[in-house]
Amino acid sequence: GLFDRMMQMDMDDVQIPMLYAQYLLSKGMEAQSIPVLEQVVQIDPTNKAARMTLLGSAIRKNDYEQVIKICEPGIEATPDALEFYFYLVIAYNQAEHWDDVLEVSRKALEHVTPESDKQMVSDFYTIIGDVYHTKKLMKEAYAAYDSALVYNPSNIGALNNYAYYLSVERRDLDKAEEMSYKTVKAAPNNATYLDTYAWILFMEERYHEAKIYIDQAIANLDSTQNNNTVIEHAGDIYAMNGLTEEALKFWKQSY
């Protein structure tokens, strides 16, 4: 009650509302803390702690429109805070606003310093690579993935996507295989990574080995996702192993 009365007063200092928000959060009253935190960032747009707390709430709710509303003024108020660029890029990516993804990512990279989180910088380049692939600008996509791997050689998402797109183009298959194998070693139960590795082996005409890995991919499929590509690959691989009936079943299942 005391906090509520104090919040009715005109104030140009965030100390009281921040204290109130912390009190509400300590009591598990996240919903009630939101308008208080919003008042904090209205008074002081540079208050990173309050904005990050609002952002965390929006992310937990998968409310990407709210993420955009929080992060757009965040990058203006605190241009060195890469976190706001990062989540803004993810939100734009979810909305398929590809040009906005590229623009914000480039702005973020202008603020990278030797002290910046290298994994986050790597993820920016990975997202840029993915967008360039969507735009069918493969030279630019591969350059972005190369940059991603400079900052984080173990970036599994970059390694997988880079390897798979090379295999689709039937180019640099040795390089693609090496990158893909790293992802399988790092995440041996991930159907996407197993499928990529199987497909590269298929492209290298190593059909028996490809079947071993596509079988593992099929065994680890997530039923909540669209698995048509993996299943179609299984059909192609089974066919080249002389298993025509099984291949037909996979092909029919993939459509």
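The structure presented is a predicted model; accordingly, all values stated were derived computationally and were not measured.

Topic: the overall build of the chain
- Scanning the chain from N- to C-terminus turns up 15 helices and zero strands.
- For 255 residues, the compact-globule formula gives about 18 Å, and the C-alpha radius of gyration of the chain, at 23 Å, lies well above that figure.
- Considered along the principal axes of its C-alpha atoms, the chain spans approximately 80 × 35 × 30 Å.
- Taken across its 255 residues, the chain has 44% of its residues classed as buried.
- When contacts within the chain are restricted to residue pairs at least 6 apart in sequence, those whose partners lie at least 24 apart make up 46%.
- Summed over all atoms, the accessible surface of the chain reaches about 14,100 Å², with 49% contributed by carbon and sulfur.
- Side-chain charges of the chain comprise 22 positive and 39 negative groups, with the mean position of each set lying 2 Å from the other.

A word on the side chain of Glu 177
- With respect to the helices and strands, Glu 177 occurs in helix α11 (residues 173-186).
- Apart from residues no more than four positions distant in its own chain, Glu 177 is found in contact with Tyr 197, Ile 200, Leu 201, Glu 204 and Arg 206.

Section: helix α9 (residues 138-151)
- Helix length check: α9, at 14 residues, gives a terminal C-alpha distance of 20 Å against a target of 20 Å (1.5 Å per residue), a fit within 8%.
- Of the residues making up α9, those classed as buried are Met 138, Ala 141, Tyr 142, Ala 144, Tyr 145, Ala 148 and Leu 149. Summarising the axial view, the buried residues of α9 lie within an arc of 160°, below the 170-degree limit, and thus occupy one face. Across from the buried face of α9, at angles greater than 90 degrees, the exposed residues are Lys 139 and Val 150.
- Residues of α9 that are buried sit in contact with α8 (118-134), α10 (156-168) and α11.

Structural notes on the packing of aromatic side chains
- According to the stated counting rule, one finds twelve aromatic pairs in the structure shown.
- Relative to Tyr 162, the ring of Tyr 142 has its centre 5.3 Å away and its plane inclined at 20°; by these criteria the two rings are stacked. Of the two residues, Tyr 142 sits in helix α9 while Tyr 162 sits in helix α10, which places them 20 residues apart along the sequence. As far as the burial class goes, Tyr 142 and Tyr 162 line up, both buried.
- With centroids separated by 4.8 Å and ring planes inclined at 85°, the aromatic side chains of Tyr 197 and Tyr 213 adopt a geometry described as edge-to-face. Taken as a pair, Tyr 197 in helix α12 (residues 191-203) and Tyr 213 in helix α13 (residues 207-219) lie far apart in primary sequence, 16 residues in all.
- Among the aromatic residues, those joined into a ring-pair cluster are Tyr 142, Tyr 145, Tyr 162, Tyr 164 and Tyr 165.

Quick look at the environment of Ile 214
- Of note, Ile 214 is situated in helix α13.
- Ile 214 sits in the buried class, given a relative accessible area of 0%.
- Placed 23 residues apart in sequence, Ile 214 and Ala 191 show a C-alpha to C-alpha distance of 8.4 Å.
- Ignoring anything within four residues of it in the chain, the contact list for Ile 214 reads Asp 195, Ala 198, Val 230, His 233, Ala 234, Ile 237 and Tyr 238.

A look at unusual backbone geometry
- Unlike most non-glycine residues, Glu 96 shows phi in positive territory, near 60°.
- Looking at where Glu 96 falls in the secondary structure, it is placed in the loop between α6 (82-94) and α7 (98-109).
- Located in the positive-phi region is Lys 136, a residue other than glycine, with phi close to 65°.
- Mapped onto the elements, Lys 136 comes out in the loop between α8 and α9.
- Taking relative accessible area as the criterion, Lys 136 reaches 72% and is therefore assigned exposed.

Observations concerning the pattern of salt bridges
- Applying the stated rule across the entire model yields ten salt bridges.
- Where Lys 107 meets Glu 103, a salt bridge forms, and the shortest distance between an N and an O atom there is 3.7 Å. One end of the pair is Lys 107 and the other is Glu 103, both in helix α7 and four residues apart, which spans about a single turn.
- Judged by relative accessible area, which is 33%, Lys 107 ranks as partly exposed.
- Residue Glu 103 is classed as partly exposed on the basis of its relative accessible area, which comes to 40%.
- Between Lys 211 and Asp 215 there is a salt bridge; the shortest N-O distance is 2.8 Å. Taken together, the positions of Lys 211 and Asp 215, both in helix α13 and four residues apart, correspond to about one turn of that helix.

Quick word on helix α14 (residues 228-240)
- Taking 1.5 Å of rise per residue, the 13 residues of α14 would be expected to cover 18 Å, and the 19 Å separating its terminal C-alpha atoms lies within 8% of that figure.
- Turning to α14, its buried residues number three or more, namely Val 230, Ile 231, His 233, Ala 234, Gly 235, Asp 236, Ile 237 and Tyr 238.
- Backbone geometry just downstream of α14 places Gly 242 in the positive-phi region, at approximately 80°.

Criteria and thresholds
Position labels on residues start from 1 in each chain and follow its written sequence. It should be noted that, the model being predicted, local features are given only for residues of pLDDT at least 70 and side-chain atom pairs only at 80 or more, the latter also being counted only at that level, while totals for whole chains, interfaces and linings use all residues. Based on all heavy atoms of the structure, the side-chain values leave hydrogens and waters out of the count. Numbering of helices and strands runs from the N terminus, with a helix taken as a DSSP run of H or I at least four residues long and a strand as a DSSP run of E at least two residues long. Radius of gyration means the value over C-alpha atoms here, while the globule rule gives 2.2 Å times the residue count to the 0.38 power. Only protein chains enter the accessibility calculation, which uses a 1.4 Å probe; a residue is then buried when its area is under 20% of its type maximum, exposed when over 50%, and partly exposed in between. Only heavy atoms enter the contact rule, under which two residues are in contact if any of them lie within 4.5 Å. Only the protein chains shown count as cover for residues, and the accessible areas themselves come from Shrake-Rupley with a 1.4 Å probe. Counting rule for charge: Lys and Arg are taken as positive, Asp and Glu as negative, and neither His nor the chain ends is counted. Throughout, a charge is located at the NZ atom of Lys, the CZ atom of Arg, the CG atom of Asp or the CD atom of Glu. To estimate how far a helix should reach, multiply one less than its number of residues by 1.5 Å. Think of it as the arc spanned by the lines of direction from the helix axis to the C-beta atoms. When the centres of two rings from Phe, Tyr and Trp lie within 6.5 Å, Trp using its six-membered ring, the rings pair. Their planes under 30 degrees apart give stacked, over 60 give edge-to-face, and anything left gives tilted. A side-chain nitrogen of Lys or Arg and a carboxyl oxygen of Asp or Glu constitute a salt bridge if their distance falls within 4 Å.

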